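Spelled out, the chains give:
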Amino acid sequence: MKYDVTITGIGDFSLQLLQLRESMIIFDKDVPYEYLDMVISHTKSTLKDTIKIRDTVIIADKEYTITAIGENALSTLKEHGHCTFVFNGADVVEQPGQIALSGRGIPRVMVGDKITFE
């Protein structure tokens, strides 16, 4: 396991982003107030190994494969538990903080669910 966290909060607009844009912004518990409504917050964790393309991400009960990683995504994940998952299976991300995932559908998340990188 490379990174493992538990969801602690779900911002009011974060589920709309997930449904309409198929993207999910995560941030550890120290999320800045101005972003609180847009993110799914989680417990703090330590990045134990380098995350790579073709690694697995498990969100709640769904499994995804990483298809692309933005140039800043791993550093912001390490420092702030922050990145944006996009569920489009793309080979290239549009923004430097994104991680593209392929898999079946978008996750249904609730407080207490896990996000795990393997």
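Definitions and cut-offs
- Residues numbered from 1 in each chain as written.
- Predicted model: local features only at pLDDT ≥ 70, side-chain atom pairs only at ≥ 80, totals over all residues.
- Heavy atoms only, no water.
- Pairing = 2+ DSSP bridges.
- Helix = DSSP H or I, 4+ residues; strand = E, 2+ residues; numbered from the N terminus.
- Axes fitted to C-alpha atoms, helices over the stretch in contact; angles between N-to-C directions.
- Contact = heavy atoms within 4.5 Å.
- Buried < 20%, exposed > 50% of the residue type's maximum accessible area, 1.4 Å probe, protein only.
- 1 Å grid on protein atoms, 1.4 Å probe; cavity = no way out; pocket = protein on both sides within 12 Å on 5 of 7 lines; lining within 4 Å.
- Points joined across faces, edges and corners; volume = space filled by probe spheres on them.
- Nonpolar A, V, L, I, M, F, W, Y, C, P; charged D, E, K, R; others polar.
- Salt bridge = Lys/Arg side-chain N within 4 Å of Asp/Glu carboxyl O.
- Core = buried A, V, L, I, M, F, W, Y, C linked by side-chain atoms within 4.5 Å.

(A) Representation of the sheet that holds strand β6 (residues 83-86) within the structure. Spatially, 8 strands are ordered β1-β3-β2-β6-β7-β5-β4-β8 in a closed barrel, and the strand pairing comes out mixed. The mean angle between the axes of side-by-side strands here comes to 35°, regardless of whether they run parallel or antiparallel. Direction of pairing for strand β1 (residues 3-10) relative to strand β8 (residues 114-117): antiparallel, over a ladder of 4 bridges. The residue bridging Val5 from the neighbouring strand is Ile115, located in β8. The sheet strands contacting helix α1 (residues 14-21) are β1, β2 (23-28) and β3 (40-42), and the helix crosses β2 at an angle near 150°. Across the sheet, helix α2 (residues 73-80) touches β1, β2, β5 (62-69), β6, β7 (98-103) and β8, and the angle it forms with β2 is around 40°.

(B) Seen up close, the environment of Ile7. Here Ile7 is to be found in strand β1. You can call Ile7 buried: its relative accessible area is 1%. A sequence separation of 40 residues divides Ile7 from Leu47, and the C-alpha atoms of the two residues are 16 Å apart. Setting aside anything within four residues of it in sequence, one finds Ile7 in contact with Ile40, Ser41, His42, Val109, Met110, Val111, Gly112, Asp113 and Ile115.

(C) Up close: the layout of surface pockets. Volume-wise, the largest pocket comes out at about 160 Å³. What lines the largest pocket is Leu17, Arg21, Ser23, Ile25, Thr84, Val86 and Gln98. Every element with two or more residues in the lining of the largest pocket is listed here: α1, β2 and β6. Looking at the lining of the largest pocket, its residues break down into 3 nonpolar, 3 polar and 1 charged.

(D) View of the pattern of salt bridges. Across all of its chains, the model carries 3 salt bridges by this definition. Notably, a salt bridge pairs Asp55 with Lys2, separated by 2.7 Å at the nearest N-O pair. Taken together, the residues span a long stretch of sequence, with Asp55 in the loop between β3 and β4 (56-59) and Lys2 in the segment before β1 at a distance of 53 residues. For Asp55, a relative accessible area of 10% puts it in the buried group. Of the residues examined, Lys2 reaches a relative accessible area of 10% and is grouped as buried.

(E) Molecular detail of the nonpolar core. In terms of nonpolar packing, the biggest core is built from 23 residues, with Met24, Ile59, Phe85, Phe87, Leu101, Ile115 and Phe117 touching the most fellow members. Of all elements in the fold, only β1, β2, β4, β5, α2, β6, β7 and β8 reach the threshold of two or more residues within this core. In terms of residue count, the dominant contributor to this core is β1 (3 residues). Discounting chain neighbours no more than four positions away, the residues touching Phe117 are Met1, Lys2, Tyr3, Ile51, Thr56, Val57, Ile66, Leu77, Phe85 and Ile99. In terms of nonpolar packing, the next biggest core, distinct from the first, is built from 5 residues, Leu17, Phe27, Val31 and Val39 among them.

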